[in-house]
Amino acid sequence: MIELRNISKTFESADGAVEALRDVSLTIRDGDIYGVIGMSGAGKSTLVRCINLLERPSSGTVLIDGRDIAALRETELRKVRRKISMVFQGFNLLSQRTCLDNICFPLALAGVKKRDALVRARELLSLVGLSDKADAYPAQLSGGQKQRIAIARALATDPKVLLCDEATSALDPKTTQDILSLLKQLHETLHLTVILITHQMSVVEQICTRVAILDGGAVVEEGTVESVFSAPKSAAARRLVFADGYAHVSSPTDGRRCIRIVFRGTGTATAPLIARMAIEQGVLANILAASIKTISGREYGSMIVEVEDADALARALRYLKQNPDIAAEEVNGHDEPVL
């Protein structure tokens, strides 16, 4: 288990101190696929580098299986780091070495005999589906193939934890799907704990079990993917979850009001809700934006609708809130709740 307790990190720059992380506390259980998501500059990459002390926190504690790893001697810390591997957005392969040699590299550093390292590297090439690329060089590979080799290299020392820092950000959508499928397969077969750092909601939706929303260096929301995505509470989470064009919804005019409706993983996402509301309550609603997502095999949906006035708003909210699987609230033209 990984525990981050009150982690803060400050960098000194020519313009003064920059607070990259502010009092971050997280618990990542063994076997989780844990997503950390936020916009650029939120502190995600700094956070993931603090987990294995590639960046040492300015304050706070990193515990791995109950041990404060900052208190370890350098030799002990190296042993811990061998069990926490990283995969990067830029692949970081050695261009002058073959794929096989790239995978052998961390094994050589760990003192593994060359013959044993070659056997292990070929096993990993097979595991990531690239047995035929043993003698190829990185320049001869596609982006997805480079990332598969990088993943194989990260697995060489038989880690318990795989840190993925924007590992799919440089890939096209189809290749991203392939890499996510591979990570999920490896998680299941090797019993890995996977920590995904990303700004892509689709990545978290597809394979993560829990998620933390990072904004301005602080965790503003944390929980299961289903709970955070079905009812985001923070402004940062709403921006990420409801990003499908909602920020461009025009502010209502002439007394008209907007409602955001969220469907919490039930059949209500595909039910004729707006038509029924018109028939049963006489409330006519104009749908401005809508989307449906599948998370952990369940359908979640959200939409923004516009009604004609305050009276229609009150009747619509009363009607919608009768269903416990629906959340509804008035929002303004920037998709923020009206308090």
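You'll find the structure just up there.
Residues numbered from 1 in each chain as written. Predicted model: local features only at pLDDT ≥ 70, side-chain atom pairs only at ≥ 80, totals over all residues. Heavy atoms only, no water.

Novice: Break down the packing of aromatic side chains for me, citing the residues and quoting the values.
Specialist: This structure, assessed with the given rule, holds zero aromatic pairs. Over the ring of Phe11 we find Lys9; its NZ or CZ atom is 5.1 Å from the centre of that ring. (Phe/Tyr/Trp six-rings, centres within 6.5 Å; stacked < 30°, edge-to-face > 60°. Lys NZ or Arg CZ within 6 Å of the ring centre and 35° of its normal.)

Novice: Break down the pattern of salt bridges for me, with residues and values.
Specialist: For the structure on display, the rule yields 13 salt bridges. Residue Glu55 is joined to Arg49 by a salt bridge in which the shortest nitrogen-to-oxygen separation is 3.9 Å. Arg81 is paired through a salt bridge with Glu74; the nearest N and O atoms lie 3.8 Å apart. Owing to a relative accessible area of 25%, Arg81 belongs among the partly exposed residues under this scheme. (Salt bridge = Lys/Arg side-chain N within 4 Å of Asp/Glu carboxyl O. Buried < 20%, exposed > 50% of the residue type's maximum accessible area, 1.4 Å probe, protein only.)

Novice: Give a description of the nonpolar core that names residues and reports values.
Specialist: Among the nonpolar cores identified, the biggest contains 52 residues, and Ile151 and Leu196 are the most heavily contacted of them. In contact with Leu196, not counting residues within four places along its chain, are Ile33, Tyr34, Gly35, Val36, Cys164, Leu183, Val203, Ile207 and Cys208. Listed in part, the 29 residues of the second largest apolar core include Ile7, Leu77, Val80 and Ile84. (Core = buried A, V, L, I, M, F, W, Y, C linked by side-chain atoms within 4.5 Å. Contact = heavy atoms within 4.5 Å.)

Novice: Lay out the sheet that holds strand β6 (residues 84–88) in plain terms, naming residues and giving numbers.
Specialist: Spatial strand order, β6-β7-β8-β3-β9-β10: six strands in an open sheet with mixed pairing. Strand pairing shows two members of the sheet lacking a second neighbour, β6 and β10 (218–224), which therefore form its edges. The mean angle between the axes of side-by-side strands here comes to 15°, regardless of whether they run parallel or antiparallel. The sheet contact formed by strand β3 (residues 33–37) and strand β9 (residues 210–215) spans four bridges and is parallel. Across the sheet, the residue bridging to Gly35 is Val211, located in β9. (Pairing = 2+ DSSP bridges. Helix = DSSP H or I, 4+ residues; strand = E, 2+ residues; numbered from the N terminus. Axes fitted to C-alpha atoms, helices over the stretch in contact; angles between N-to-C directions.)

Novice: Account for the pairing of β6, with residues named and values stated.
Specialist: Looking down a regular strand, the side chains alternate between one sheet face and the other. Where burial is concerned, most of β6 is hidden: four out of the five residues are buried. Bridge analysis of β6 against strand β7 (residues 161–165) gives five bridges, and the strand direction is parallel. By the bridge assignment, Met86 is partnered in β7 with Leu163.

Novice: Kindly report on the sheet that holds strand β2 (residues 16–28), identifying the contributing residues and their values.
Specialist: Read across the open sheet, the four strands follow the order β2-β1-β4-β5; overall the sheet is antiparallel. The open sheet terminates on both sides in strands that have one partner only, identified here as β2 and β5 (67–68). Bridging between strand β1 (residues 2–13) and β2 involves nine bridges; their strand directions are antiparallel. Along β2, the bridge assignment pairs Ser13 with Gly16.

Novice: With reference to specific residues and values, describe the environment of Leu93.
Specialist: Within the secondary structure, Leu93 sits in the loop between β6 and α3 (99–109). Exposure remark for Leu93: the relative accessible area of 17% places this residue in the buried category. Along the sequence, Leu93 and Val36 sit 57 residues apart, while their C-alpha atoms lie 24 Å from each other. When near neighbours in sequence (up to four residues on either side) are disregarded, Leu93 contacts Asn102, Pro138, Lys146, Ile149, Ala150 and Arg153.

Novice: Can you lay out the packing of α3 against helix α5 (residues 143–154) for me, pointing to particular residues and giving the numbers?
Specialist: Across the interface, α3 lies against α5 with an axial gap of 8 Å and an inter-helix angle of 30°. Viewed along their axes, α3 and α5 adopt a mutual orientation that is roughly parallel. Seen along the crossing, α3 lies across α5 with a hand that is right-handed. In contact with Cys99, Asn102, Ile103 and Pro106 of α3, α5 contributes Ile149, Ala152 and Arg153. Classifying every residue of the contact of α3 with α5 by side-chain character gives five nonpolar, one polar and one charged. (Parallel < 35°, antiparallel > 145°, perpendicular 65-115°, else oblique. Left-handed = near helix turned anticlockwise from the far one by under 90°. Nonpolar A, V, L, I, M, F, W, Y, C, P; charged D, E, K, R; others polar.)

Novice: Explain the side chain of Asp32 residue by residue, including any values.
Specialist: Positionally, Asp32 belongs in the loop between β2 and β3. Assessed through its relative accessible area of 5%, Asp32 is described here as buried. Look past the residues within four positions of Asp32 in its chain and what remains in contact with it is His187, Leu192, Thr193, Val194, Thr209 and Arg210.

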